[in-house]
Structures are given as structure tokens and as C-alpha cells.
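# Structural description and commentary
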Amino acid sequence: MERPQERHYERRQDRLPERDGSETFGPVLQLALRFGTLALLFGWCFTIVQPFLTSILWGLIIAIASHPLFTRLCATLNGRTAAAASLFVILALALLVLPAMLLADTLVNSLKLLAHHMADGTLRLPPPPVAVRGWFLVGEPLYSFWMLASTNLDQAISSIASELTWAGKWMLGSATGVLLGILEFVVAIFVAAVLMANATSGQRIAGDVVTRLAGSGGLGYSDLAVRTIRSVSKGIIGVALIQALLAGLGFLAADIPAAGLLALLCLIIAIVQLPLAIVLVPVAIYAFTLLDPVPAVIFAIWCTGVSLIEHVLRPIMLGRGVDVPMLVVFIGAIGGLLSSGVLGLFVGPVVLALGYTLILHWLEAEPARPAVEHRRTDRPAAE
């Protein structure tokens, strides 16, 4: 005989709807569609911004590093941010872009003059100094080739024809890259001016973003990022720019051929933290074969001062900055130059130093301890 409880259970089972899995699959599908739409939107935006990404990053770095100066400009102009931004653009173009254009012009003129002398057969090289033979490893072969070039230039050129062809292609590509880098530099200066003119809203947005990403400790990471960017951009890139500019002015005053190319080499070597004497010593030796003794001595003294000025400027410009290993700066400079051209030479060290500092700070931070819930145990009352 069937029990009433069993009949009630069968009626409930008949009323239950059959589940085909759609109730579980629906939310997962909606979540996947949302993430897919966001990924498509972000990827599309990145594709649009990618040609200007290096300029925008460099503009952001300039804005963060130059914000104290911009604040003083605003105070001088009675709080007029638009006028301060315009003045900043004028000063930045005058201090950075105009010398770069001047050095690039001297490089082009030197190449034209060299090509003219080679075509006319009037190019003559002075014999090498005897001291060149004593240079480590390269002294003897360099002295032999230099002596051959001073006596029979055509034979010397024919012996290195393939190397000259490669060097010519490299110089043409480098000149194009330098001009493109100058254009990106101009765009970055205008981006920095716009960012500094809207610094208040930008700081608020940046604070909201880092708080979303890192929680309550996000503002600490934001402050560390600002100090790192200012430290690297002023203490390393700023000093390198000053050294390259002073070296370029010395090359122009001494009428050294290819002054623009030599100044660019000085900039690269200074940023990657190698001794600037790598370029300045050979140029000073060449100046003694080109100039009179007194101008040559003055030029050598100038080159010595340019090489040693980093030991005075770097502690002043670093201030209370963040200590970044030189290997990180070296890898960032070389990697940025290879990946993004001339402008990457400036952006690479800052970005890599920023990532290194933030990751190191995150690893050294004390992990949050899980909260332990203390439960009170009710003890039975004693009888």
C-alpha cells in the first residue's frame, strides 16, 4: 500500500521544471561577453594611440619632472595656467629642440662638405700622431690605416668599401630616426604642457586609478612613482642632456666635423652611464692635429670639464631621489633606443626604473595578515 508521504513527494517532483543547464550557462556567457567587449574596446584604443604612445609617455614624464617649475611659473604669472603652459613650451623648445636642430644642421653640412671634397679629390688627412700607436688593442691597426689614408686616400677607402657602404646606410637611417625623434620630442613638450595645465584633475584621476588597483596603499605607490620619475629624469637624463649640449657647443666652437653626430654619441653614452671620455678623448686628440696649440688646449680643458661635471650636477639634481641601479638604467636606455628610436633612449630608463622600483617596493612590503576571528566559547555554568 502506497504511503501518503510518498505520493506527496511524487507530486512535488512532477511540478519541478526540468533543468537543461541554461540557467548556469547564461551568467557565464554574459560575463564572457562583457570581458570580450572590454578587451576589444581597449585593444582598439591601444591601436589608435600606439603611434603616439612614446610621445605621450615622454610628455607625461616631462610633466611630472617639470611640475615644480611649472608651479613657480604659475605663481609668477598670478595663477594664469594657460600663460604658464605657453611660456613652458617656448622655454622647452628653445632649450632642447633648437640646439638639436642646430647640431643636426651641422651634421648635414659636414656630410655635404665631405662628399664635395671626396668628389673633387681635394680631401687630405693629416698624418696620425705617434701616440696613437700606444693605444691598447686598436693603436697599431688604427695607426697603419690612418697613415695609409694620409698618403693614399683612394686605396684606404677601397680597402674598407663594404664597411663604408654599411656605415652610409646606417647614417642615413640614423639621420631619419633623429629627425623623427625631434618631431616626437616637440609633440611630447606640447603634451606635457597640456597635462601640467590640467594637473589638478589629472592628480585626482591618477589617485582614483591607483586606489582602484592597489587599494588603500595606492597613494604610497603613486608617491613612489613620482619620486622615481623625477629622480631618473633629472639625475640621469637631465645631466646627460646638459653634458651633450655642452659637448656639442664645444664641438661647434672648435669647428669639429660632424658635431651633431658626436653630440648624439655623447648623449647616448652619458645616459647609459659610460664614461664620456670614450668620445671626448679621441676628439680632443684630433683637435690637436686640426687647431693651433692654444685653442686645442682650451678645447681639451673644456672637454675635461664636460666629462667631470656630472659629479657636481648629479648629487644636486638627484636630491632626495630614489636610488636605481645603473644596470637598470643601462638596459632601459639600450632597450628603449632599439625599440622606440631616439625618444626611447629617454623613455626606456625612466619606465624600467619605475617598474623596478615599484616591484621591489611591493616585494619588500609586509603582507597583510588575515584577520583571525576570535570566537567566545560559552562555558557551561558549574552546577
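Calculation rules
- Residues numbered from 1 in each chain as written.
- Predicted model: local features only at pLDDT ≥ 70, side-chain atom pairs only at ≥ 80, totals over all residues.
- Heavy atoms only, no water.
- Core = buried A, V, L, I, M, F, W, Y, C linked by side-chain atoms within 4.5 Å.
- Buried < 20%, exposed > 50% of the residue type's maximum accessible area, 1.4 Å probe, protein only.
- Helix = DSSP H or I, 4+ residues; strand = E, 2+ residues; numbered from the N terminus.
- Contact = heavy atoms within 4.5 Å.
- pLDDT = per-residue confidence, 0-100.
- Patch = residues over 30% accessible without salt bridge, like charges linked within 9 Å, V, L, I, M, F, W, Y side chains within 5 Å.
- Areas by Shrake-Rupley, 256 points an atom, 1.4 Å probe, with all protein chains shown as cover.
- Salt bridge = Lys/Arg side-chain N within 4 Å of Asp/Glu carboxyl O.
- Axes fitted to C-alpha atoms, helices over the stretch in contact; angles between N-to-C directions.
- Parallel < 35°, antiparallel > 145°, perpendicular 65-115°, else oblique.

## Focus: the nonpolar core
Counting residues in hydrophobic clusters, the biggest one holds 59 residues, and the most contacted among them are Trp58, Phe251, Ile256, Leu280, Phe299 and Phe346. When residues of this core are traced back to their parent elements, those giving at least two are α3 (53-76), α4 (81-120), α7 (161-197), α9 (218-253), α10 (259-271), α11 (277-290), α12 (293-308) and α14 (326-364). Ranked by the residues each element gives to this core, the list is headed by α14, at ten residues. Once you skip the residues sitting within four places of it in the chain, phenylalanine 346 turns out to touch Trp58, Phe185, Ile237, Leu241, Leu267 and Ile271.

## A word on the confidence of the model for the protein
Summary statistics for the protein give a mean pLDDT of 77 and a share of 80% for residues scoring 70 or more. Averaged pLDDT values for the elements of the protein fall to 52 in helix α1 (residues 4-15) and rise to 89 in α12. For residues 371-383, every residue scores under 50 in pLDDT, and the model assigns this stretch zero contacts once sequence neighbours within four places are set aside.

## Topic: the environment of leucine 262
Checked against the element boundaries, leucine 262 lands in helix α10. Along the backbone, leucine 262 and alanine 244 are 18 residues apart, and their C-alpha atoms lie at a distance of 8.8 Å.

## With respect to a nonpolar patch on the surface
On the surface, Trp44, Phe46, Ile48, Val49, Phe52, Leu53, Ile56, Leu57 and Val351 cluster together into a nonpolar patch covering about 830 Å² of accessible area. Put simply, the parts of the chain that give the nonpolar patch at least two residues each are α2 (22-49) and α3. Tallying contributions element by element places α2 first for the nonpolar patch, with four residues. Mapped onto the fold, tryptophan 44 is located in helix α2.

## Focus: the packing of α10 against α11
Here α10 crosses α11 at 150 degrees, and the two axes come no closer than 9 Å. As the angle between them shows, α10 and α11 are arranged roughly antiparallel. Of the residues in α11, those touching α10 at Leu262, Leu265, Cys266 and Ile269 are Ile278, Val279, Leu280 and Val283.

## Topic: the side chain of serine 66
Relative to the helices and strands, serine 66 resides in helix α3. Those residues in contact with serine 66 that sit more than four places away from it in its chain are Phe88 and Met196.

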